[in-house]
Amino acid sequence: MATETSRKLTMARAISEAIDLEMAADSRVFVMGEDVGPYGGIFGSTTGLFTKYGPNRVIDTPISESAFIGAAAGAAAEGLRPIVELMFVDFFGVAMDQIYNHLAKNHYMSGGSVSHPLVLMTAMGAGYNDAAQHSQTLYGLFAHVPGLKVVVPSNAYDAKGLMIQSIRDPNPVMYFFHKGLLGLGWMPSDDRAVVTVPEESYTIPLGRANIVRDGTDVTIVTIGAMVHRAVEAAEIAAVKGISVEVVDLRTLVPLDTGTILSSLKKTHRLVIVDEDYLSFGMSGEIAAIAAEQALEYLEAPVRRVAVPNVPIPYSRPLEQAVIPSTPRILDAVTYVTEF
Amino acid sequence: MDSKQAVFMYEQMLLIRRYEDQMAQIYTEGKSPLFSIAAGPVPGEMHLAAGQEPVAVGIGIHLRNDDAVTAPHRPHHIAIAKGVDLNRMTAEIFGRVDGLSHGKGGHMHLFDPQVHFSCSGIVGAGFPPALGAALAMKRQGSDRVAVAFAGEGAANQGTFHESLNLASLWKLPVVFIIEDNHYAISVPKSESTAVSRNSERAAAYNIPGVYIRDNDVVAIYEAGKEAIDRARRGDGPSLIEIETTRLYGHFQGDAEAYLAQGEKDEWRHHDPIPRFRDLLLANGWLDSATDQDIQTRVNARVDEAVGFARKSPEPMPEDALTDVFAETGKEAI
């Protein structure tokens, strides 16, 4: 048993294990989506579930996203707990009406009498040259619309605990996994996401950020794969004598404003790192919170490191130029420190 | 159809008509001399369904409280036939605290989970949730069914085709009802749809498709019974398209300049309610004294609902900030 307590898992395995545990515990939970059955999910998030639970609880769908996402809403309203995968977040446009006009609004529009407890999970992120329609993060788009919870894990431990919590949440939860964190054999994957994961069921509350690295000089607020770039930057900065605190938000909705503010009150400097587009997104939201609620603590302008306002390009040097990198983060850290 | 059912359906049709006529009146309150959609006790868009009563009633008669229904932006007739609480529905349309959604939904967003009724203001959006309700019912091993109502304009939405395919593929207990009222707002069916009857599209999804002409409540009753029985037995989905008439405009304030001259008069002269009354009288299922009693009862019922709504207070502004999320352990279901 001692070896099992230090068992390390990839994020893909952690996600499928979380779903497995909840399916075993709750007969209302089922999975549907494209290639979630025998294939096990294009990104491995449902590996092994079809074999264990069969086609009645792990349902392959046609490429009819409006129908199966809307059906999940209807099934949830009738008492089931669907987990729906839509392969890439970039594909949500075809089903957006069911998400932002129905899933997100029905609880409110019904005065609280209808709820849609379901998880909509999807892959996001760049780093393997899949270009503009398969590389976005877009979590800011969903966080913008009231009524959707938005979860973005950065490592296997969080992925499992957040998934179990998401399945149990009485609301629609958008669960984003970064393709470059999953531990897939066929694309680059960040080893930092492979961490010790307990075998048993556990939850991580939605709306609680994680301080992944303590520091006193600069706060980096970030999420998803960028957590690891931020930690790398913090490690290099430490050599130069700059102490960087890295806050992994883990969820955008609910947002742990308290942890952001208390970190700022300690460090007085803020860098936001976001793999989403720069404008009108997470980085602007965090900067606004700092300006509204912690301006008197800031000793330097806020710096944002995000994707400039261009689609994600294909070619390797072009893609690498727009995705936030460790050197760009380090530049921002240096700027706010020397200001 | 026995006499008791027929008289019940007749009364429901009258209730819907009275309700829509009253709503048309009330909607004008506060909107003259200058018409403003935002003014008066009932603001916002108002889509009335007078003339479409046979659709709602001929299908609704076969449904139980625990069957699910999704309706479109023109929902009152379907809601009434499904047994939605009329007082709370009316209060919702007035935007009052005793409304189904305490004033957060309005006339296009009526939700009554007690009778598994919901609607949406987005054309074609009701097909997928009905599919999902049917999926839940099948998984739960019940004999409940789901019915999605939508206009003929919605049959050109992707959701219609995606949902028919999936319903057939998964053999779900769902019935799709298309209300062909001839116009998608102003665009006639012939200008929008490549087939003259959407029911023909059922063949593409390997399910039964029936077209019912002439707003015929008896034929709707028969077709509805067959489709709903079939779904309840576990034999899968059906599509029924029903020719009906929209006696008011698309919404209140619609000048209806797109209608041919005399088209509306023709519809009014062919009103389904007097036709059904004549049938009941001819069959000896109704006499004029009973008819009078029904009229009185229906008028009183609508008056009661409107009175309930008018008496209900307006919501407090701060209530706008609640109900975005369900609290854990307080799921609606």
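Residues numbered from 1 in each chain as written. Chains lettered and ligands numbered in written order. Predicted model: local features only at pLDDT ≥ 70, side-chain atom pairs only at ≥ 80, totals over all residues.

## Regarding the overall build of chain A
Piece 1. A count of helices and strands for chain A gives 13 helices and 14 strands.
Piece 2. The globule rule puts the C-alpha radius of gyration for 339 residues at 20 Å, and the 20 Å found for chain A is close to it.
Piece 3. Along the first, second and third principal axes, the C-alpha set of chain A runs to 60 × 50 × 40 Å.
Piece 4. Burial status across chain A gives 61% buried among its 339 residues.
Piece 5. Counted over contacts in chain A with a minimum sequence separation of 6, partners at least 24 positions apart contribute 78%. (Helix = DSSP H or I, 4+ residues; strand = E, 2+ residues; numbered from the N terminus. Rg over C-alpha atoms; globule rule 2.2 N^0.38 Å. Buried ≥ 20, exposed ≤ 12 C-beta atoms within 10 Å, placed from the backbone. Contact = placed C-beta atoms within 7 Å.)

## Looking at the sheet that holds strand β10 (residues 218–222) of chain A
Residues and elements named next belong to chain A.
Piece 1. If you walk across this open sheet you meet the 5 strands as β9-β11-β10-β13-β14, and the pairing is mixed. Two strands bound the open sheet, and with one partner strand each, they are β9 (210–213) and β14 (303–307). Ignoring which end each strand starts from, the neighbouring axes of this sheet average 25 degrees apart.
Piece 2. Where strand β13 (residues 270–277) meets β14, 4 bridges bridge the pair, whose relative direction is parallel. Its bridge partner being in β14, I272 is matched across the sheet by R304.
Piece 3. Its contacts with the sheet place helix α9 (residues 226–239) against β9, β10, β11 (244–248) and β13, and it is angled at close to 170 degrees to β11.
Piece 4. Against the sheet, helix α13 (residues 326–338) makes contact with β10, β11, β13 and β14, and its axis sits at roughly 165 degrees relative to β14, the strand it touches most. (Pairing = 2+ DSSP bridges. Axes fitted to C-alpha atoms, helices over the stretch in contact; angles between N-to-C directions.)

## Describing the pairing of β14 of chain A
As a general feature of sheets, a regular strand has side chains that alternate between the two faces.
Piece 1. With 5 of its 5 residues buried, β14 of chain A lies for the most part within the structure.
Piece 2. Read as a crossover between parallel neighbours, the route from β13 of chain A over helix α11 (residues 282–293) of chain A to β14 of chain A is right-handed. (Right-handed = clockwise from strand over helix to strand, strands pointing away.)

## A closer look at the interface of chain B and chain A
Many analyses report the size of an interface as the accessible area lost when the parts associate.
Piece 1. In this assembly, 38 residues from chain B lie in contact with 34 residues from chain A.
Piece 2. Among the elements of the structure, α5 (127–139) and α6 (158–169) of chain B are those that each provide at least two residues to the side of chain B that touches chain A.
Piece 3. If you tally residues by element for the side of chain B that touches chain A, the top one is α5 of chain B, at 10 residues.

## Quick notes on helix α10 (residues 257–267) of chain A
Residue and element names in this part refer to chain A.
Piece 1. Buried within α10 we find T259, I260, S263, L264 and T267. Across the axial projection of α10, the buried residues extend over an arc of 130 degrees, all falling on one side.
Piece 2. Where α10 is buried, its residues meet β9, β10, β11, β13 and α11.
Piece 3. Just beyond α10, the residue with positive phi is H268, at close to 70 degrees. (Arc of directions from axis to C-beta.)

## What to know about the environment of A305 of chain B
All names here are of chain B.
Piece 1. Within the element layout of this structure, A305 appears in helix α11 (residues 288–311).
Piece 2. Note on A305: 22 C-beta atoms within 10 Å, which makes it buried.
Piece 3. A305 sits 219 residues away from L86 along the chain, and the two C-alpha atoms are 6.1 Å apart.
Piece 4. If we skip the residues at most four places from it in the chain, A305 touches L86, N87 and T90.

## Some remarks on the environment of H73 of chain B
All names here are of chain B.
Piece 1. Tracing the backbone shows H73 in the loop between β1 (68–71) and α3 (76–82).
Piece 2. On the neighbour-count criterion, H73 (21 C-beta atoms within 10 Å) is buried.
Piece 3. On a C-alpha basis, the gap between H73 and A125 in space is 9.9 Å, while along the polypeptide they are 52 residues apart.
Piece 4. Not counting chain neighbours up to four residues away, the residues in contact with H73 comprise H47, M108 and G121.

## Some points on the packing of helix α2 (residues 53–60) of chain B against helix α8 (residues 217–233) of chain B
To characterise two packed helices, one gives the angle between the axes of the helices and the distance between these axes.
Residues and elements named next belong to chain B.
Piece 1. Between α2 and α8, the least distance of the axes is 8 Å, while the angle of their chain directions is 35 degrees. Once α2 is placed against α8, the crossing between them reads as right-handed. Facing P54, V55, V57, G58 and I59 of α2, the residues of α8 in contact are V217, I220, Y221 and G224.
Piece 2. Residue composition of the contact of α2 with α8, by class: 7 nonpolar, 2 polar and no charged. (Left-handed = near helix turned anticlockwise from the far one by under 90°. Nonpolar A, V, L, I, M, F, W, Y, C, P; charged D, E, K, R; others polar.)

## As for the domain arrangement of chain A
All names here are of chain A.
Piece 1. We note that the domain assignment places domain 1 (2–196) and domain 2 (210–338) within chain A.
Piece 2. A C-alpha centroid distance of 26 Å is found between domain 1 and domain 2.
Piece 3. Each partner contributes to the interface: domain 1 provides 27 residues, whereas domain 2 provides 22 residues.
Piece 4. Mapped onto the side of domain 1 that touches domain 2, the elements with two or more residues apiece are α7 (139–144), β6 (149–151) and α8 (156–168).
Piece 5. Split by residue class, the side of domain 1 that touches domain 2 holds 13 nonpolar, 10 polar and 4 charged. (Domains from an automatic or database assignment.)

## Comments concerning the packing of α5 of chain B against α6 of chain B
Residue and element names in this part refer to chain B.
Piece 1. Across the interface, α5 lies against α6 with an axial gap of 9 Å and an inter-helix angle of 20 degrees. Taken together, the axis directions place α5 and α6 in an arrangement best described as roughly parallel. The crossing of α5 and α6 is left-handed. Residue-level inspection shows F127, P128, L131 and A134 of α5 in contact with α6, the latter providing T159, F160, S163, L166 and A167. (Parallel < 35°, antiparallel > 145°, perpendicular 65-115°, else oblique.)

## Considerations on unusual backbone geometry
Piece 1. The linkage connecting V253 of chain A with the following residue, P254 of chain A, adopts the cis geometry, with an omega of 0 degrees.
Piece 2. Mapped onto the elements, P254 of chain A comes out in the loop between β12 (251–253) and α10.
Piece 3. Looking along the chain, the bond that leaves S32 of chain B and enters P33 of chain B is cis, with omega of 5 degrees.
Piece 4. You can see P33 of chain B is positioned in the loop between α1 (3–28) and α2.
Piece 5. Located in the positive-phi region is L138 of chain A, a residue other than glycine, with phi close to 60 degrees.
Piece 6. Within the fold, L138 of chain A resides in the loop between β5 (118–124) and α7.
Piece 7. L138 of chain A gets classed as buried once you count the C-beta atoms within 10 Å, which come to 21.

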